Amino acid sequence: MTKTKIIDGKALSQKIREELKAKVASFPSAPCMAVVLVGDNPASQIYVHHKMKAAEEVGIQVKLFSLAPVLTEDALIDFIRNLNADDNIDGIIVQLPLPKHMDSYRVVESIDPDKDIDGLCSQNLGKLFTGRPGLVPCTPLGCMALIKSVIPKLDGKRAVIVGRSCLVGKPVGQLLLEEQCTITQAHSHTKDLESVCKEADILVVAAGKPNLIQKNHVKKGAVIIDVGINRTEDGHIVGDVDFIGVQGVARAITPVPGGVGPMTVAMLLSNVVKVYVQKKLGQKA
Ligand code: NAD
């Protein structure tokens, strides 16, 4: 039985953050990221804390705006427009989910596309899908870096992506397509998920369903990227893949936690630096 390699997202993210830190140290000023947090969702507070800590460690200045959940959608959009107009702010994130009375799509669309470091507005997604340079969503960028750390040349590989959200599944599919992979986008209506997944040299799973992918879904030697984050009844965080079950079948797999999560944060910082380099230094990132 071949040993399955554990793809260490924490170590790779650390390496990327060190490279960003060195780059930022050479800049004439610190890049600045605005973080907009509406309400007091505990999970969002934790995510924001991680992003802020990581940003400050690489020398990116962070401005946190914690706004009351009673704010109207229009007031939030006005607030974002002021951040758009502020030359001191290079990148903006609005932590999702927003309170139920707000339309996330409309709010995300109000971010200046050139400052949209989450890469989620329709202009940036449109650029991605039409092959033009723009800001790319962070989790998909992280998935690609993890895949390339084990398969440097992706040309001609068969990739299956389980999930079709705009946040993860669709952009990952597009990025793999750009790398000349042949892709299949599977989702909740896919028939016979097992045979579909079994064709994959690269299997990216972003469904949010613990143990959805078992040993029998995996082709021998496949590389698995487990994007899922699920909390078990006993409080543990697990992915979408039966991590133990696929050992010895998969060639490599990302753990949860410690795989895609840290890479998402590293890629967010990379997007801030990209915006700064383009805007403030006038260079191509
Ligand atoms: P989503 O709910 O928007 O999309 C889930 C997708 O999975 C849908 O397209 C759906 O069709 C598909 N799906 C659901 N059940 C399925 C099934 N039984 N078989 C096949 N496909 C199925 O979720 P999302 O925002 O794309 O996130 C997916 C997962 O990734 C979640 O667990 C989320 O927490 C996690 N996530 C992790 C990170 C990270 O940084 N690690 C970032 C974003 C999302």
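Thresholds applied
- Residues numbered from 1 in each chain as written.
- Predicted model: local features only at pLDDT ≥ 70, side-chain atom pairs only at ≥ 80, totals over all residues.
- Heavy atoms only, no water.
- Pairing = 2+ DSSP bridges.
- Helix = DSSP H or I, 4+ residues; strand = E, 2+ residues; numbered from the N terminus.
- Axes fitted to C-alpha atoms, helices over the stretch in contact; angles between N-to-C directions.
- Contact = heavy atoms within 4.5 Å.
- 1 Å grid on protein atoms, 1.4 Å probe; cavity = no way out; pocket = protein on both sides within 12 Å on 5 of 7 lines; lining within 4 Å.
- Points joined across faces, edges and corners; volume = space filled by probe spheres on them.
- Near = heavy atom within 4 Å.
- Polar contact = N/O pair within 3.5 Å; in protein donor to acceptor, adjacent residues only side chain to side chain.
- Areas by Shrake-Rupley, 256 points an atom, 1.4 Å probe, with all protein chains shown as cover.
- Nonpolar A, V, L, I, M, F, W, Y, C, P; charged D, E, K, R; others polar.
- Parallel < 35°, antiparallel > 145°, perpendicular 65-115°, else oblique.
- Left-handed = near helix turned anticlockwise from the far one by under 90°.
- Phe/Tyr/Trp six-rings, centres within 6.5 Å; stacked < 30°, edge-to-face > 60°.
- Buried < 20%, exposed > 50% of the residue type's maximum accessible area, 1.4 Å probe, protein only.

Visitor: Got a sec to walk through the sheet that holds strand β4 (residues 91-94)? Specific residues and values, please.
Guide: Taken together, three strands build an open sheet; the order of strands is β3-β2-β4 and the sheet is parallel. The two strands at the open ends of the sheet, each matched to only one other strand, are β3 (61-67) and β4. Neighbour to neighbour, the strand axes of the sheet diverge by 15 degrees on average, direction disregarded. By the bridge criterion, seven bridges tie strand β2 (residues 32-38) to β3 in an arrangement that is parallel. Of the residues in β3, the one forming a bridge with Val36 is Phe65. In this fold helix α3 (residues 73-85) packs onto β2, β3 and β4, with an angle of close to 175 degrees to the strand it touches most, β2.

Visitor: How would you explain empty space enclosed by the protein if you had to name every residue and give the values?
Guide: Inspection of every chain in the model, using the stated rule, returns one cavity of 30 Å³ or more. Each pocket or cavity is described by its volume, and for the largest cavity that value is around 40 Å³. Taken together, Val94, Leu96, Val108, Ile111, Asp116, Asp118 and Leu120 form the lining of the largest cavity.

Visitor: Got a sec to walk through the site of the ligand? Specific residues and values, please.
Guide: Near the ligand, the surroundings consist of 21 residues, among which Arg164, Ser165, Ser188, Ile229 and Thr264 are the closest. Ser188 has a polar backbone atom sitting 3.0 Å from an oxygen atom of the ligand. Within the side chain of Thr264, a nitrogen or oxygen atom sits 2.8 Å from an oxygen atom of the ligand. Summarising the interface, the protein chains cover 72% of the accessible area of the ligand, which totals 860 Å² for the free molecule. Considering every element that reaches the shell around the ligand, the biggest residue donor is helix α9 (residues 260-279), with three residues. Of the residues belonging to the shell around the ligand, the class tally is ten nonpolar, nine polar and two charged.

Visitor: An account of the packing of helix α2 (residues 42-58) against α9 is requested, with residue identities and associated values reported.
Guide: Packing of α2 against α9 leaves a shortest axis separation of 10 Å and a crossing angle of 55 degrees. It follows that α2 is oblique to α9 by the angle criterion. Between α2 and α9 lies a crossing whose hand is right-handed. Contacts between α2 and α9 involve His50, Lys51, Ala54, Ala55 and Val58 from the former and Val265, Leu268 and Leu269 from the latter.

Visitor: Summarise the packing of aromatic side chains; cite the residues concerned and give the values.
Guide: Following the criterion strictly, the structure yields two aromatic pairs and no others. With 4.6 Å between their ring centres and 20 degrees between their planes, Phe27 and Tyr276 make a pair best called stacked. With Phe27 in the loop between α1 (9-25) and β2 and Tyr276 in helix α9, the pair connects residues that are 249 residues apart, well separated along the chain. Taking the relative accessible area as the measure of exposure, Tyr276 reaches 1% and is therefore buried. With a centroid separation of 5.2 Å and an interplanar angle of 70 degrees, the aromatic rings of Phe65 and Phe79 are classed as edge-to-face. Note that Phe65 is positioned in strand β3 and Phe79 in helix α3, a separation of 14 residues in sequence.

Visitor: Please provide a residue-by-residue account of the layout of surface pockets, values included.
Guide: Estimated volume of the largest pocket: approximately 1,500 Å³. For the lining of the largest pocket, the secondary structure elements donating two or more residues are α1, α2, α6 (138-150) and α9. A per-class count over the lining of the largest pocket returns 25 nonpolar, twelve polar and eight charged. Tallied by class, residues from the lining of the second largest pocket come to five nonpolar, five polar and two charged.

Visitor: Could you give me a rundown of the environment of Ser188, with the residues and numbers involved?
Guide: Structurally, Ser188 can be placed in the loop between β6 (182-186) and α8 (193-198). Using a relative accessible area of 69% as the deciding quantity, one classes Ser188 as exposed. A sequence separation of 125 residues divides Ser188 from Lys63, and the C-alpha atoms of the two residues are 39 Å apart.

Honestly, it's all geometry; don't read function into it.
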